[in-house]
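Listed here are the chains, written in short residue letters.
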Amino acid sequence: MRLPDEVDVLVVGAGFSGLYMLHKLRGIGMEAVALEKGDGVGGTWYWNRYPGARCDVESPYYSYSFDADLEQEWEWTERYPAQPELLRYLNHVADRFDLRKDISFETTAVSAIFDEVSDVWTVTTVGPEGGQVTRARYCVMATGCLSSARMPDIPGLESFEGNLLHTGMWPHEEVDFTGQRVGVIGTGSSGIQAIPVIASQAENLQVFQRTPNFSVPAFNGPIDQEWVKGIKADYPALRERSRHTTMGIPYQRRDQSAMEVSAEERQRIFEHHWPKGGFRISSCFNDLIRNKESNDALATFVRGKIDEMVDDPKIAELLKPQDHPITAKRICVDTDYYATYNRDNVDLVDVKSDPIQEITARGIQTAGKHFELDTIVVATGFDAMTGAMLRMDIRGRGGASLREHWDAGARTYLGLAVAGFPNMFTIAGPGSPSVLSNMVTSIEQHVEWIAEHLSYLAERGCASSEANTVAEDEWVEHVRELSEKTLFPSANSWYLGANVPGKPRVFMPYVGGVGTYRAHCEDIAARDYEGFLIK
Ligand code: NAP
């Protein structure tokens, strides 16, 4: 699709956020188009096609709630949705709401420049039609938090003559590892999901681990039809409850400190929650991310589980995280991860003690050994939360660049707007619960808030809305203060930008929880968008 010369709203991205934003904007009578770098919809679920890719939130909750027929009619097949199923779902949504006709695929936004005289953004894109320029009153950045995949800075990467694959930019055709010698670099969520599947195919798998992460089994399987029936019968209430929880999932969190019970009782409660799978373990007490002692108790419990699952005690020891509190990095949710190290064709290479020195034409050279490989899978993560936006040259009032504004760390008001960048809104941006939550719950809240705000502006004939600097400063400070009351900042995580050399270390997500955050955003709106300069 050729982008129009002028439009009310330009949405950048056609993943979960962009698709719903486009639909919602139509609903409020705005002319809107979206552009998307991929040749299809899906965002994260379009790019991350690696074997084993699966969401860590259960299927009935990791789905849109805005359309009652959609949520009743769509049938999930597994408890946790795999990437192909999520991509099918998002394609279904695009077709069901006839969204494709307003999406320009294979199109990348290069720059967005705000014109203070007309209060309009000029967005320059490149795509199949060549370079295009579109003028839009509003820009909505639905660019995703984990959409800017990062290759590691390892010397010689380009010299590798085998197959080099990044989990976040996986090829569309199936990759068959049968008979191959494979190396995986990285043991975050992506590596932890891919490793068991690759191990089941490859002749030999070397896992290059620098830092172990905590992982809990998903206990995934075919979806329990009775469970889904119960959820579908009660969807409105469950969705409403999700919107007021901490994570945006309707789990009941035990309202008790782990330290209020005896050691035996604590163990019993951990054991009780473990087979429930995934994030449910983090709901078993209310202070796991705030109280070091409580956190240590859960971490010790999970390390004990690693001992139970891994036959070789030396390997088990290497797999136990010791350097960060549990849940201070997003906990990984796996299928057979630890048991994979009991296979004869899998080796764990501890690159902390034997660092990777270079990638050679034929494999990986560590300080102590050369590993001959046919394929290297790089599962080294993303320039998270800010990477996708900062790839564009975004210039607001006075030609000021977003890169400079965020030079010392991302600054936003509510994770929704940026001072000096009028008429630009971000979905699930830094300063909002976003990556600490069920992304779909958070995305829906942002989309609905933005749509309401744009309707408010239209009804009053206003031309621009911009976060004011004081409101932004106070919000940035509030987000920082809240995070410092938790154990989150003590982990070297991508939440802090710690995985990208030179990235400023600022804790980006809002830790106060989805419910508290929503109430705050609603309150701001009710007070005629306090903190915004509207004209
Ligand atoms: P990640 O969590 O950032 O993990 C990257 C891994 O690569 C880490 O183990 C890191 O080790 C390692 N690494 C990076 N550079 C390296 C180097 N030069 N040499 C050796 N190792 C290196 O990335 P991710 O696994 O792609 O996950 C990112 C986020 O995506 C997750 O936290 C999650 O929010 C999301 N995700 C979710 C799911 C799901 O829903 N189930 C699945 C996949 C991803 P260090 O820790 O030592 O840096």
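All values reported here derive from a predicted model rather than from experimental measurement.

Novice: For this particular structure, what's the right way to read the sheet that holds strand β14 (residues 363-366)?
Specialist: Paired through backbone hydrogen bonds, the strands of a sheet run either parallel or antiparallel to each other. The strand order across the open sheet formed by three strands is β13-β14-β15, and the pairing between neighbours is antiparallel. Of all strands in the sheet, those bounded by a partner on one side alone are β13 (356-359) and β15 (370-372). Recorded for the sheet is a direction-independent mean angle of 20 degrees between the axes of neighbouring strands. Bridge count between β14 and β15: three bridges; the pairing is antiparallel. Pairing of G363 across the sheet is with E372, part of β15.

Novice: Would you take a moment to explain the pattern of salt bridges for this structure?
Specialist: Two side chains that carry opposite charge are able to pair once their charged atoms sit near each other. Using the criterion set out here, one finds 34 salt bridges in the structure. One salt bridge in this structure joins E472 and R411, with 3.6 Å as the shortest N-O distance. Highlighted residues: E472 in helix α15 (residues 469-484) and R411 in the loop between α13 (402-405) and β18 (424-426), separated in sequence by 61 residues. Across the pair D473 and R411 runs a salt bridge whose closest N-O atoms are separated by 2.6 Å. Of the two residues, D473 sits in helix α15 while R411 sits in the loop between α13 and β18, which places them 62 residues apart along the sequence.

Novice: Explain the nonpolar core here, please?
Specialist: Generally speaking, soluble globular proteins have nonpolar side chains that are buried together. Counting residues in hydrophobic clusters, the biggest one holds 108 residues, and the most contacted among them are F16, Y64 and F532. Sort the elements by how many residues they give to this core and helix α14 (residues 439-459) lands first, with ten residues. With residues near it in sequence (within four places) discarded, F532 still touches Y413, L414, A417, F425, W449, H453, S465, E466, A467, N468 and I524. Grouped together as the second largest cluster of nonpolar side chains are 29 residues, W170, F177, I195 and V207 included.

Novice: Any chance you could explain the environment of R395 here in plain terms?
Specialist: Considering the arrangement of structural elements, one finds R395 in strand β17 (residues 393-395). For R395, a relative accessible area of 30% puts it in the partly exposed group. Sequence separation between R395 and S111 is 284 residues; the distance between their C-alpha atoms is 7.9 Å. Ignoring any residue separated from it by four or fewer positions in sequence, one finds R395 in contact with A112, I113, F114, W121, A400, S401 and F421.

Criteria and thresholds
Residues numbered from 1 in each chain as written. Predicted model: local features only at pLDDT ≥ 70, side-chain atom pairs only at ≥ 80, totals over all residues. Heavy atoms only, no water. Pairing = 2+ DSSP bridges. Helix = DSSP H or I, 4+ residues; strand = E, 2+ residues; numbered from the N terminus. Axes fitted to C-alpha atoms, helices over the stretch in contact; angles between N-to-C directions. Salt bridge = Lys/Arg side-chain N within 4 Å of Asp/Glu carboxyl O. Core = buried A, V, L, I, M, F, W, Y, C linked by side-chain atoms within 4.5 Å. Buried < 20%, exposed > 50% of the residue type's maximum accessible area, 1.4 Å probe, protein only. Contact = heavy atoms within 4.5 Å.

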